[in-house]
Amino acid sequence: MIVIHSPEHARHHSQCEVHNGALVPSFESPRRAEIVLEAVTAADLGPIRPPSADGLAPAAVLHRVDYLRFLETIWNDWQSAGRAGEAMAFSWCTHAFRPRQEPLGLDARLGYYSFCVDTTINAGTWGAARSAADVCRTAAAVVCDGAAGAFALCRPPGHHAGPGYFGGYCFLNNAGIAAQTLRDGGCARVAVLDVDFHHGNGTQDVFYQRGDVPFASLHGDPRHCFPFYSGHADETGAGPGAGATLNLPLPPGTTWPTYAEALDHALRWLGGFDPDALVVSLGLDTFAGDPISAFRLETDDFPRLGERLASLGKPTVFVLEGGYAAEDLGRNAVGVLGGFESASGSGGNR
Ligand SMILES: [Zn+2]
């Protein structure tokens, strides 16, 4: 399997986040990608290539132009204002307020374009987010060119980023960028399956009214689990996308047998759209050892997950999302990717 990776990801390194009422080191760190890179290298998964495509074009289809401009400029504005530390929001437009146009103040803009307090912006954030977009567009292009599978080894993750907002460590919707690239490359329909522990609210949002990119997600029940306000079973799409979203919330403590049943259901459902390709939002925070999640998958379950993903029989782009048990991240990622390769017999396409 071809792996696309850029060291530019390390430019985004959040120093802190609010967790359980305290300021703690960010769970989302460059170390995560480094560990996965070490593991895919040691496993000889396939050639590791740098990105060669500009991911901003597909990103511009999914994200609002004012939001992209905000991401590009907010750090300079923050610095110009003499602010110390990292840029982070502390006030949001809740449902009791009337949404208006983009506000002017720094803190108001940060709140306007985000939905939670776990995600900070620093000097390298925009560059790292752009590099992740480039990685995803390149990985999708590799699949457009005939590869059976490609792995976008990137961060910061993307599936919580919506048309006009960041949060959940995400800025640009990486999986969406991969799917849009596949659409632009000639795929009539592209399925997106999100197996991260947390609901892919951003991916759902960017495709909610589109019928060409069916989206399925298995995740912790949002009544208990972040991002809380998205991912319920009755969210099924709208307009041309009506019926093209499937949410399968599962209870905290879910183990492999229950998970596998939901996974099979999601794959059958996606297969019903007869997609030309599959994008997998590969979050590995379903692992029992994850510090901020609540499923109970074990390392031995991840190859099984990869085998089942191969059963769809479609060219597949894997996009790295969450997973915060950093020291276990590499072997679990290789477990999924290796399971996919052995089940699909695509090792020869390396
Ligand atoms: Zn997650």
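Residues numbered from 1 in each chain as written. Predicted model: local features only at pLDDT ≥ 70, side-chain atom pairs only at ≥ 80, totals over all residues. Heavy atoms only, no water.

(A) Representation of unusual backbone geometry. Between arginine 155 and proline 156 the backbone carries a cis peptide bond, its omega angle lying at -5 degrees. Following phenylalanine 226, the chain continues into proline 227 via a peptide bond in cis, with omega recorded as 10 degrees. For asparagine 20, which is not glycine, the phi dihedral falls at a positive 50 degrees. Considering the arrangement of structural elements, one finds asparagine 20 in the loop between strand S2 (17–19) and strand S3 (22–24). Positive phi, close to 50 degrees, is recorded for aspartate 274, a residue that is not glycine. Locating aspartate 274 in the fold gives a position in the loop between helix H8 (256–271) and strand S9 (277–282). (Helix = DSSP H or I, 4+ residues; strand = E, 2+ residues; numbered from the N terminus.)

(B) Expanded view of the packing of H8 against helix H9 (residues 301–310). At their nearest, the axes of H8 and H9 sit 11 Å apart, and the two run at 15 degrees to each other. The angle between H8 and H9 falls in the class roughly parallel. With respect to the hand of their crossing, H8 and H9 are arranged in right-handed fashion. Residues Trp256, Tyr259, Ala260, Leu263, Asp264 and Leu267 of H8 lie in contact with H9, whose contacting residues are Asp301, Arg304, Leu305, Arg308 and Leu309. (Axes fitted to C-alpha atoms, helices over the stretch in contact; angles between N-to-C directions. Parallel < 35°, antiparallel > 145°, perpendicular 65-115°, else oblique. Left-handed = near helix turned anticlockwise from the far one by under 90°. Contact = heavy atoms within 4.5 Å.)

(C) A look at the coordination of the zinc ion. The coordination sphere of the zinc ion, as far as protein atoms go, consists of Asp196 (OD), His198 (ND1) and Asp285 (OD), spread over 2.0 to 2.1 Å. Read in sequence order, the donor residues coordinating the zinc ion give the pattern D-x1-H-x86-D. Of this pair, aspartate 196 sits in the loop between strand S6 (190–194) and helix H7 (201–207) while aspartate 285 sits in the loop between S9 and H9, placing them 89 residues apart in sequence. An identical accessibility class is assigned to aspartate 196 and aspartate 285; each is buried. (Donors = N, O, S within 2.8 Å, 3.2 Å for Na, K, Ca; no water. Buried < 20%, exposed > 50% of the residue type's maximum accessible area, 1.4 Å probe, protein only.)

(D) Looking closely at the sheet that holds S9. Here 8 strands make up an open sheet; going across it, the order is S4-S1-S5-S10-S9-S6-S7-S8 and the pairing parallel. Edge strands, defined here as strands with exactly one partner in the open sheet, are strand S4 (48–49) and strand S8 (245–250). Contacts from helix H5 (residues 125–144) reach strand S1 (2–5), strand S5 (149–153) and strand S10 (316–320), with the element oriented near 175 degrees to S5. Contacting S5, S9 and S10, helix H10 (residues 326–344) runs over the sheet at an angle of about 175 degrees to S10. (Pairing = 2+ DSSP bridges.)

(E) Summary view of the layout of surface pockets. Here the largest pocket is characterised by a volume of approximately 840 Å³. Lining the largest pocket are 27 residues, with Trp92, Cys93, Ser114, Phe115 and Tyr165 positioned closest to its centre. When contributions to the lining of the largest pocket are tallied by element, the ones reaching two or more residues are helix H4 (106–112) and H7. Top element by residues in the lining of the largest pocket is H4. It accounts for 4 residues. For the lining of the largest pocket, the class distribution of residues is 13 nonpolar, 9 polar and 5 charged. Space inside the second largest pocket adds up to approximately 580 Å³. Together, 31 residues line the second largest pocket, and His19, Asp118, His198, Phe226 and Phe228 are the ones closest to its centre. Grouping the amino acids of the lining of the second largest pocket by side-chain chemistry returns 18 nonpolar, 8 polar and 5 charged. (1 Å grid on protein atoms, 1.4 Å probe; cavity = no way out; pocket = protein on both sides within 12 Å on 5 of 7 lines; lining within 4 Å. Points joined across faces, edges and corners; volume = space filled by probe spheres on them. Nonpolar A, V, L, I, M, F, W, Y, C, P; charged D, E, K, R; others polar.)

(F) Inspection of the packing of aromatic side chains at higher detail. Across all of its chains, the model carries 16 aromatic pairs by this definition. Plain terms: the ring middles of tyrosine 112 and tyrosine 113 are 4.8 Å apart, the flat faces sit at 85 degrees to each other, and that makes the pair edge-to-face. Classification of tyrosine 113 as buried rests on a relative accessible area of 0%. A centroid spacing of 6.4 Å and a plane angle of 55 degrees characterise the contact between phenylalanine 287 and phenylalanine 302, whose relative ring orientation is tilted. Highlighted residues: phenylalanine 287 in the loop between S9 and H9 and phenylalanine 302 in helix H9, separated in sequence by 15 residues. On the accessibility criterion, phenylalanine 287 (9% relative accessible area) is buried. By relative accessible area, which is 0% here, phenylalanine 302 ends up buried. One cation-aromatic arrangement involves arginine 83 over tryptophan 78; the distance from NZ or CZ to the ring centre is 4.8 Å. (Phe/Tyr/Trp six-rings, centres within 6.5 Å; stacked < 30°, edge-to-face > 60°. Lys NZ or Arg CZ within 6 Å of the ring centre and 35° of its normal.)

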